[in-house]
Amino acid sequence: MTSSPSPSTHPGTTDAPASAALLERAARVIPGAVNSPVRAFRAVGGTPRFIREAKGPWLTDADGRRYVDLLCSWGPMILGHAHPDVLAAVDEAARRGFSFGTPSENEVLLAEEIVDRIEPLEQVRLVSSGTEATMSAVRLARGVTGRSVIVKFAGCYHGHVDALLAAAGSGVATLALPDSAGVPTEMTSDTIVLPYNDIAALEETFAARGPEIAAVITEAAAGNMGVVPPAPGFTDALRRITREHGALLISDEVMTGFRCSRAGWFGLEGEAGYAAGAPDIFTFGKVMGGGFPAAAFGGTAEVMGHLAPQGPVYQAGTLSGNPVATAAGLATLKGCTPELYPRLEATARTIADAASAALSAEGVAHTVQWAGSMFSVFFREAPVTNYDDARDQDTAAYGRFFHAMLDAGVHLPPSAFEAWFVSGAHDDEAVGVILDALPAAAKAAASASAS
Ligand SMILES: *Cc1c(COP(=O)(O)O)cnc(C)c1O
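Residues numbered from 1 in each chain as written. Predicted model: local features only at pLDDT ≥ 70, side-chain atom pairs only at ≥ 80, totals over all residues. Heavy atoms only, no water.

You'll find the chain entered in an unreviewed UniProt entry as Glutamate-1-semialdehyde 2,1-aminomutase, with Knoellia remsis given as the organism. The Sequence similarities (unreviewed entry) comment attached to the chain in UniProt states, word for word, "Belongs to the class-III pyridoxal-phosphate-dependent aminotransferase family. HemL subfamily." Per UniProt, the comment on the chain under Pathway (unreviewed entry) is "Porphyrin-containing compound metabolism; protoporphyrin-IX biosynthesis; 5-aminolevulinate from L-glutamyl-tRNA(Glu): step 2/2." (UniProt positions renumbered as here; feature names shortened; annotations may be inferred.)

Printed below as a string of structure tokens:
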């Protein structure tokens, strides 16, 4: 590749001196300088911005530069940052104490709100992260069925649960090998990884090992390999096949829950997807915490009755149902009105259409995929239906695009395998900044691929 000196290919620390200085200090006391790997910008290069403040659709970094936020904290900030109603709820709750270690009313209010939104849910247990929710859901499914094997799909992320940190391998019934050091193969030896959207692979697996399978866990609509919605019939097949074999279906709505609709992906796909019945266990996080550590898993009273103290499946947490986190979550969900969702979708459409037009104008291969207002721009021509497809894209072009947008004041997710998120606070001014930034970013994306 001949070097086309695009200033955004490897942005120097001069763009963000205060962030660069913090990064250097952080690297001494925090492994890799970050507390969650993707924040390190490894996929796109350059200096991650240390954010000191966020309001509405805007992030302000340590150097005082503003960015329109299309990350929204990876999903939770659906109302925008520091929304006045959420701020008031947090303030009020915090004044009454931070954590009691006893039951408290806010837990009841948040659980009622969640159960009210998703018809088949009767009970939820509150936890502090999506990882805890899926980990507990898997334990519950194993406890209910007395079986061990879990089926997951390649490219679906369910948090850093040992047994679920196996996504590699794309053949049918691939033996799951752990993706991380420190996860002994025994931890994933009861995990089967299948290609997403492949009903035949699922049927074969159940035909061979049905009586051993405790549960299938799936992202209700995949968002962690970029947005890959279930193909028509896939969701329904999951329900039908698991039920035929006495296995449970765990629908991971940590990302999609209360984001794709008032009732998450379940509400959006509705009858078309869930004609054969509802999942046995749902998991939630992100939006339901409103930016605080609150997550949940839930199901019917019968299934949830297997949990301690009623049943034999143990699960607990010092900060579970934290009064401040639940206040933030409840205020956020109260703001997730039926009117919010069409607005999010309209905003997302405007941005995605403009991105697509700009990329087309520069001849950059791309495809846009949707789950409600969540969308991804994949840097390839053909549609993406599974993880193999998702990986077959021009990630270098995405890196150039990302940095050109960042230079122009738009903070995209720092990886090509992520959803773009909008909030109810993304107004004309914020969208205008994005639209203005796109043509030059598309040029940057095209620049090196031409050479
Ligand atoms: C983010 C996410 C998780 C993990 O949630 P954490 O709060 O980061 O532990 C699990 N499942 C899905 C689908 C997610 O998007």
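Trainee: Please provide a residue-by-residue account of the site of the ligand, values included.
Mentor: The environment of the ligand is made up of Ser 129, Gly 130, Thr 131, Tyr 157, His 158, Gly 159, Glu 219, Asn 224, Asp 252, Val 254, Met 255 and Lys 286. Between Thr 131 and the ligand, the recorded distance is 2.6 Å, taken from a side-chain N or O atom to an oxygen atom. At 3.3 Å, a backbone N or O of Tyr 157 approaches a nitrogen atom of the ligand. Within the complex, the protein chains bury 83% of what would otherwise be the 380 Å² of accessible surface of the ligand. Among the residues forming the shell around the ligand, the class breakdown is 3 nonpolar, 6 polar and 3 charged. (Near = heavy atom within 4 Å. Polar contact = N/O pair within 3.5 Å; in protein donor to acceptor, adjacent residues only side chain to side chain. Areas by Shrake-Rupley, 256 points an atom, 1.4 Å probe, with all protein chains shown as cover. Nonpolar A, V, L, I, M, F, W, Y, C, P; charged D, E, K, R; others polar.)

Trainee: An account of the packing of aromatic side chains is needed here, citing residue identities and associated values.
Mentor: Counted according to the given criterion, the structure contains 15 aromatic pairs. Taking the centre distance of 6.4 Å and the plane angle of 35° together, the rings of Tyr 398 and Phe 402 count as tilted. Taken together, the residues span about one helical turn, with Tyr 398 and Phe 402 both in helix α13 (residues 395-407) at a distance of 4 residues. Under the relative-accessibility criterion, Phe 402 is labelled buried at 0%. Of the aromatic side chains, those joined through ring pairs into one cluster are Phe 41, Trp 370, Phe 375, Phe 379, Tyr 398, Phe 401, Phe 402 and Trp 420. (Phe/Tyr/Trp six-rings, centres within 6.5 Å; stacked < 30°, edge-to-face > 60°. Helix = DSSP H or I, 4+ residues; strand = E, 2+ residues; numbered from the N terminus. Buried < 20%, exposed > 50% of the residue type's maximum accessible area, 1.4 Å probe, protein only.)

Trainee: So what's going on with the pairing of strand β13 (residues 374-378)? Which residues, and what values?
Mentor: Taken across its 5 residues, β13 has 5 buried, putting it largely inside the fold. The side-chain alternation of β13 yields two buried faces, one formed by Met 374, Ser 376 and Phe 378 and the other by Phe 375 and Val 377. Pairing analysis gives 5 bridges linking strand β12 (residues 367-371) to β13, with the strands arranged antiparallel. Within β13, the position partnered with Thr 367 by the bridge is Phe 378. Taking the residues between adjacent antiparallel strands as the criterion, β12 and β13 are bridged by 2 residues, where Gly 372 takes a positive phi near 60°. (Pairing = 2+ DSSP bridges.)

Trainee: How would you summarise the side chain of His 426 if you had to cite specific residues and measurements?
Mentor: Within the secondary structure, His 426 sits in the loop between β14 (410-411) and α14 (428-449). Within polar-contact distance, the side chain of His 426 engages the backbone oxygen of Asp 69 at 2.7 Å. Engagement of the side chain of His 426 in a polar contact is seen with the side chain of Ser 423, the distance being 2.9 Å. Non-local contacts of His 426, meaning those with residues more than four positions away in its chain, are made with Pro 57, Val 68, Asp 69, Leu 70, Cys 72, Thr 347 and Val 431. (Contact = heavy atoms within 4.5 Å.)

Trainee: Tell me what's going on with the sheet that holds strand β3 (residues 66-69), and back it up with residues and numbers.
Mentor: Pairing in this open sheet of 4 strands is mixed, and the strands run β1-β2-β3-β14 from one edge to the other. The sheet is open, and its two borders are formed by β1 (51-55) and β14, each paired with just one other strand. Bridge analysis of β1 against strand β2 (residues 58-61) gives 4 bridges, and the strand direction is antiparallel. Among the inter-strand pairings, Ala 54 is bridged to a residue of β2, identified as Leu 59.

Trainee: Please set out the pattern of salt bridges residue by residue, giving values where relevant.
Mentor: All chains considered together, the criterion is met by 14 salt bridges. For Arg 96, the salt bridge is made with Glu 92, and the minimal N-O distance between the two is 3.0 Å. Overall, Arg 96 belongs to the exposed group, its relative accessible area being 53%. The closest approach of N and O atoms between Asp 392 and Arg 380, which form a salt bridge, is 3.2 Å. On the criterion of sequence distance, the pair formed by Asp 392 in the loop between α12 (387-391) and α13 and Arg 380 in the loop between β13 and α12 is long-range, its members being 12 residues apart. Residues joined by salt bridges that share partners form a network here, namely Glu 113, Arg 117 and Lys 334. (Salt bridge = Lys/Arg side-chain N within 4 Å of Asp/Glu carboxyl O.)

Trainee: Explain the pairing of β2 to me, using residue names and the numbers behind them.
Mentor: The side-chain alternation of β2 yields two buried faces, one formed by Trp 58 and Thr 60 and the other by Leu 59 and Asp 61. Between β1 and β2, which pair antiparallel one after the other, the connecting turn spans 2 residues, and Gly 56 there sits at a positive phi close to 55°. Looking at chain direction, β2 and β3 are connected through 3 bridges and run antiparallel. Each residue of the ladder has a partner; that of Leu 59, found in β3, is Tyr 67. Once β2 ends, the chain turns through 4 residues before running back antiparallel as β3, passing Gly 64 with a positive phi of about 85°.

Trainee: How would you explain the UniProt feature "modified residue: N6-(pyridoxal phosphate)lysine" (unreviewed entry) in the chain if you had to name every residue and give the values?
Mentor: This chain's UniProt record puts "modified residue: N6-(pyridoxal phosphate)lysine" (unreviewed entry) on Lys 286. By secondary structure assignment, the location of Lys 286 is in the loop between β10 (281-284) and β11 (295-299). On the basis of relative accessible area, Lys 286 is assigned to the partly exposed category, the value being 25%. The contacts of Lys 286, once residues within four sequence positions are left out, are Trp 74, Pro 76, Val 254, Met 255 and Gly 291.

Trainee: I'd like a description of the packing of helix α3 (residues 105-117) against helix α10 (residues 323-335), backed by residues and values.
Mentor: Taken N-terminus to C-terminus, the directions of α3 and α10 make an angle of 35°; their axes are 8 Å apart at the nearest point. In this structure, the crossing between α3 and α10 has a hand that is left-handed. Residues Asn 106, Glu 107, Leu 109, Leu 110, Glu 113, Ile 114 and Arg 117 of α3 pack against Pro 323, Thr 326, Ala 327, Gly 329, Leu 330, Leu 333 and Lys 334 of α10. For the contact of α3 with α10, the residue count by class is 7 nonpolar, 3 polar and 4 charged. (Axes fitted to C-alpha atoms, helices over the stretch in contact; angles between N-to-C directions. Left-handed = near helix turned anticlockwise from the far one by under 90°.)

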